[in-house]
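# Structural overview
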Amino acid sequence: MKTGLVLEGGGVRGIYVAGVLDVFLEQGISFDGVIGNSAGAIHGCSYLSGQKGRSIRYYKKYCGDPRFMSFRSWITTGDLVGVDFCYHELPEKLDVYDNDAFLRCGVPFYTVCTNVQTGKPEYMKITDMNRQIDCLRASASLPYFSRMVEIGGKKYLDGGCSDSVPVRAFQEMGYAKNVLVLTQPADYRKKPELSALARIAYARYPAFSKALRSRYVGYNQTADLIAELEKREEVFVIRPERPLQIGRMEKDPKNVERVYNIGSEDAQKHLNRLRSWMEKNAEK
């Protein structure tokens, strides 16, 4: 029985995920497969390369840098997140990503991206981070604030637009039991967005516009599903007990570190129960 790891995104709020994953690295907790969405996918990369502390290190150092994420970048390039800086200069020079370690780990890794033409999620398997960096970038490209990412002749944006927590998709891939790291409390439910904005901004892509307008429905249905899966012990969930009080574009490194520490503390708190749950599933 394969056990998967499912990672939710949420912009800078996703640093909570990094705190959890660094505890997993420290404790030697591994999985048969990993799937991440947006920031969850980004932090999942450092987990799979075994680079404990990398995410919080560069987030604290660069979160206030306009090249990292800023409206200036959006106005001048069309991307809120600086593409050249975040996906090339940072991982290739400033805080080097260990792609060789990622290749050696051999754990299947997937990112969720939304096909703009169809409005549907696609689950892209990454086998080489250097060659497939655009799959990671597409998963984290926020609608309205990012240019579409073209991969294989198709256009993509943030996976959260169509499948924020891909637990059902991972089950269908054969991961019967899953550990979920979420960035919202258990009682959180998404509210409808401004439908007029989606219609105007993506008038040429009606399927994607529809996905944006209805994504709150899908998110809330998934939240209800997760509650049922928890009762049946098919998933183990680590999530914050209350809202994290951090913005998608947080610039204060102290607040970033605070949320990271909450993730680390929550992982430590659940560690014994998590080990028992994983051991029980391994025996089946």
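First things first, this report covers the structure right here in the doc.

Next up on the list: the nonpolar core. One finds Leu-5, Phe-24, Phe-68 and Phe-109 to be the most contacted residues of the largest nonpolar core, which totals 61 residues. For Phe-68, the residues in contact, after removing those within four places along its chain, are Tyr-58, Tyr-59, Tyr-62, Cys-63, Leu-80, Val-81, Gly-82, Phe-85, Cys-86 and Leu-90. Within the second largest apolar cluster, 14 residues are counted, among which are Val-6, Val-112, Leu-182 and Val-235.

On to the environment of Gln-27. Tracing the backbone through its elements, the reader meets Gln-27 in helix H1 (residues 15-27). Using a relative accessible area of 30% as the deciding quantity, one classes Gln-27 as partly exposed. Taking the C-alpha atoms as reference points, Gln-27 and Ser-146, separated by 119 residues in sequence, lie 37 Å from one another. Look past the residues within four positions of Gln-27 in its chain and what remains in contact with it is Leu-271 and Arg-275.

What follows covers helix H2 (residues 39-48). Buried residues dominate H2, accounting for 10 of its 10 residues. Every buried residue belonging to H2 is among Ala-39, Gly-40, Ala-41, Ile-42, His-43, Gly-44, Cys-45, Ser-46, Tyr-47 and Leu-48, and all of these are buried.

Next up on the list: the pairing of strand S8 (residues 235-238). Because side chains alternate across S8, one face comprises the buried residues Val-235 and Val-237, and the other comprises Phe-236 and Ile-238, equally buried. In this structure, strand S7 (residues 177-181) lies alongside S8, joined through 4 bridges in parallel fashion. In the sheet register, Val-179 faces S8, and the bridge partner there is Phe-236.

About the criteria used
- Residues numbered from 1 in each chain as written.
- Predicted model: local features only at pLDDT ≥ 70, side-chain atom pairs only at ≥ 80, totals over all residues.
- Heavy atoms only, no water.
- Core = buried A, V, L, I, M, F, W, Y, C linked by side-chain atoms within 4.5 Å.
- Buried < 20%, exposed > 50% of the residue type's maximum accessible area, 1.4 Å probe, protein only.
- Contact = heavy atoms within 4.5 Å.
- Helix = DSSP H or I, 4+ residues; strand = E, 2+ residues; numbered from the N terminus.
- Pairing = 2+ DSSP bridges.

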